[in-house]
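Descriptive structure summary
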Amino acid sequence: MKGRISALVAVLALVLAPLAGPAWGAGQPTVKLSASQAGTGGSITVTGSGWPSKTLLMILICGQSVPSRGVIGGTNSCANADGRAVTTDGQGQFSRKLPVAEPPVPCPCVVHVATVTGAKADADAIFQVAGHAVEPLPAESAAGRLSVLTDTRLDGASGLLTWFGAPPSRTLVFTVGSVGASPVKNPVFRVGTSHGVFAPQWDEQQWHGTIAPGRKAQIKLPVELSAGAHGDYTVSLEYGGKVLAEQPWGVDRPWGVTLFWVLVCVVVPGAVFRAGMAVVDRVRPRRPAARAVPRRSLRLPALTLRLPKFGAPSPAAENRTTTTLPWFTPDTDPGTAVNGRLSAPQENSPTTPTKGNT
């Protein structure tokens, strides 16, 4: 019976293994160096184990740090320009060459490895940059220590102006408690915003109030990005040289800006074209107006049947012209009818001979 149960458990493990999330390596994340000291211009090999599988890591050389206190000044204490990225394998291991560069602050120094994606994890290994200045670490203040008691959150929402490229803004809300022996008065926090794998940009903000030992208080700090910012951001909270919390922030793309430029590319060329055509129409010489030619329509003569009226002259008689001979005057034309009848010559006519003359 026990053998059957063991076989069933093994089968279930094989079936559920692909559905599980990224697995962690055995133990805590560790970092090992091929050399504990090297000069600028050289390189060392950094290896690690116990990290989440298939996870992107960032490797940096940081000053003013020790493994017990971490990177006191945050990533501002690291040589960010000479850092290297590496992705762990399926067993949570990695190996990467790292060029040696001087951090912006004095040593003691460490090689700092931290996750970029996935669950937050980091580890440090002591390293000495040959020829770089070494100074003691700042004293750790026993009085006035704060600890974050609740998860941080970002309150607020984007408005219409943000859709058109205005700076996105939120309020970072968290609760801290005083774990020191003396009260904390007007603490100064550092709020940093980072995009992708870039180092955060820090902004100091002071909270006005006093937190007595053993007491807690809710802190609200404004956070604002640059105009037109979009993508995945991370808001970091630092106090006393130590990062207390990190909060992801996904910022939507300002589509109103894209719509504005599309309209500009469509409207402006159209307006320029219309203005150019108006100028051309004003400066070009005027041509004389062409005379309008009336259109001629083909009209067929109307065929009408007209009956002659009684007592009225016929159309043929009206159109007929009277002909006269050249040696007759109209009055003496023999063809002229008086009252419609031909008249005989009169005796007193000038052409009739008289008896006296014969």
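In the block above lies the structure referred to throughout.
Computed from a prediction, not measured in an experiment: that's the story for all the values here.

**With respect to unusual backbone geometry**
- A cis amide bond, omega 20 degrees, links cysteine 107 with the succeeding residue proline 108.
- The backbone of asparagine 186 shows a phi angle near 45 degrees, a positive value even though the residue is not glycine.
- Among the structural elements, asparagine 186 can be located in the loop between β14 (184-185) and β15 (188-195).
- Of the residues examined, asparagine 186 reaches a relative accessible area of 26% and is grouped as partly exposed.

**Some remarks on the sheet that holds strand β20 (residues 242-251)**
- Spatially, the four strands line up as an open sheet ordered β16-β15-β19-β20, and their pairing is antiparallel. In the strand order of this sheet, the two ends are held by β16 (201-206) and β20, each with one partner. Pairs of neighbouring strands in the sheet enclose a mean axial angle of 25 degrees, with direction left out of account.
- Relative to strand β19 (residues 231-239), β15 runs antiparallel, the two sharing six bridges. Looking at the pairing, histidine 195 lines up with tyrosine 233 of β19.

**Here we look at the state of the cysteines**
- Throughout the structure, instances matching the rule amount to two disulfides.
- Here cysteine 62 connects covalently by a disulfide to cysteine 78, the sulfurs 1.8 Å from one another. Disulfide cysteine 62-cysteine 78: the torsion about the S-S bond is 95 degrees, which places it as right-handed. Residue cysteine 62 is found in strand β4 (residues 56-62), and its partner cysteine 78 is found in the loop between β6 (70-71) and β7 (84-87); the two are separated by 16 residues along the sequence. Across the pair, exposure class does not vary: cysteine 62 and cysteine 78 are buried alike.
- Paired through a disulfide, cysteine 107 and cysteine 109 show a sulfur-sulfur distance of 1.8 Å.

**Overview of the layout of surface pockets**
- In this model, the largest pocket occupies a volume close to 1200 Å³.
- Those elements that provide at least two residues to the lining of the largest pocket are β4, β6, β9 (109-115), β10 (122-130), β19 and β20.
- A per-element tally of the lining of the largest pocket places β20 first, with eight residues.

**Observations regarding the sheet that holds strand β2 (residues 37-39)**
- Spatially, five strands are ordered β2-β10-β9-β4-β7 in an open sheet, and the strand pairing comes out mixed. Sheet topology places β2 and β7 at the edges, where each strand pairs with a single neighbour. Sheet twist, expressed as the mean angle between neighbouring strand axes with direction ignored, is 35 degrees.

**Side note on the nonpolar core**
- Formed by 22 residues in total, the largest nonpolar core has its most connected members in Phe174, Phe189, Ile219 and Trp249.
- Of all the secondary structure elements, the ones that give two or more residues to this core are β13 (169-178), β15, β18 (216-224), β19 and β20.
- For phenylalanine 174, the contacting residues outside a window of four places in its chain are Thr150, Thr152, Phe189, Ala217, Gln218, Ile219, Leu221 and Leu237.
- Counting residues in each nonpolar core, the second largest holds 21 residues, with Ile61, Leu98, Val111 and Ala125 among its members.

**Some details on a nonpolar patch on the surface**
- On the surface, Leu160, Trp163, Phe164, Trp255, Leu259, Val262, Leu263, Val266 and Val267 cluster together into a nonpolar patch covering about 920 Å² of accessible area.
- Where the nonpolar patch is concerned, the elements lending two or more residues are α2 (160-163) and α3 (255-283).
- Among the elements that line the nonpolar patch, the one with the most residues is α3, at six residues.
- One can find tryptophan 163 in helix α2.

**Thoughts on the pairing of β18**
- Side chains Ala217, Ile219, Leu221 and Val223 project from β18 onto a buried face, and the interleaved Lys216, Gln218, Lys220, Pro222 and Glu224 project onto a face without burial.
- Here β13 runs beside β18; their pairing, made up of nine bridges, is antiparallel. From the neighbouring strand, arginine 170 faces β18, where its bridge partner is valine 223.

Here is what the cut-offs are and how they apply
- Residues numbered from 1 in each chain as written.
- Predicted model: local features only at pLDDT ≥ 70, side-chain atom pairs only at ≥ 80, totals over all residues.
- Heavy atoms only, no water.
- Helix = DSSP H or I, 4+ residues; strand = E, 2+ residues; numbered from the N terminus.
- Buried < 20%, exposed > 50% of the residue type's maximum accessible area, 1.4 Å probe, protein only.
- Pairing = 2+ DSSP bridges.
- Axes fitted to C-alpha atoms, helices over the stretch in contact; angles between N-to-C directions.
- Disulfide = S-S within 2.5 Å.
- 1 Å grid on protein atoms, 1.4 Å probe; cavity = no way out; pocket = protein on both sides within 12 Å on 5 of 7 lines; lining within 4 Å.
- Points joined across faces, edges and corners; volume = space filled by probe spheres on them.
- Core = buried A, V, L, I, M, F, W, Y, C linked by side-chain atoms within 4.5 Å.
- Contact = heavy atoms within 4.5 Å.
- Patch = residues over 30% accessible without salt bridge, like charges linked within 9 Å, V, L, I, M, F, W, Y side chains within 5 Å.
- Areas by Shrake-Rupley, 256 points an atom, 1.4 Å probe, with all protein chains shown as cover.
- Salt bridge = Lys/Arg side-chain N within 4 Å of Asp/Glu carboxyl O.

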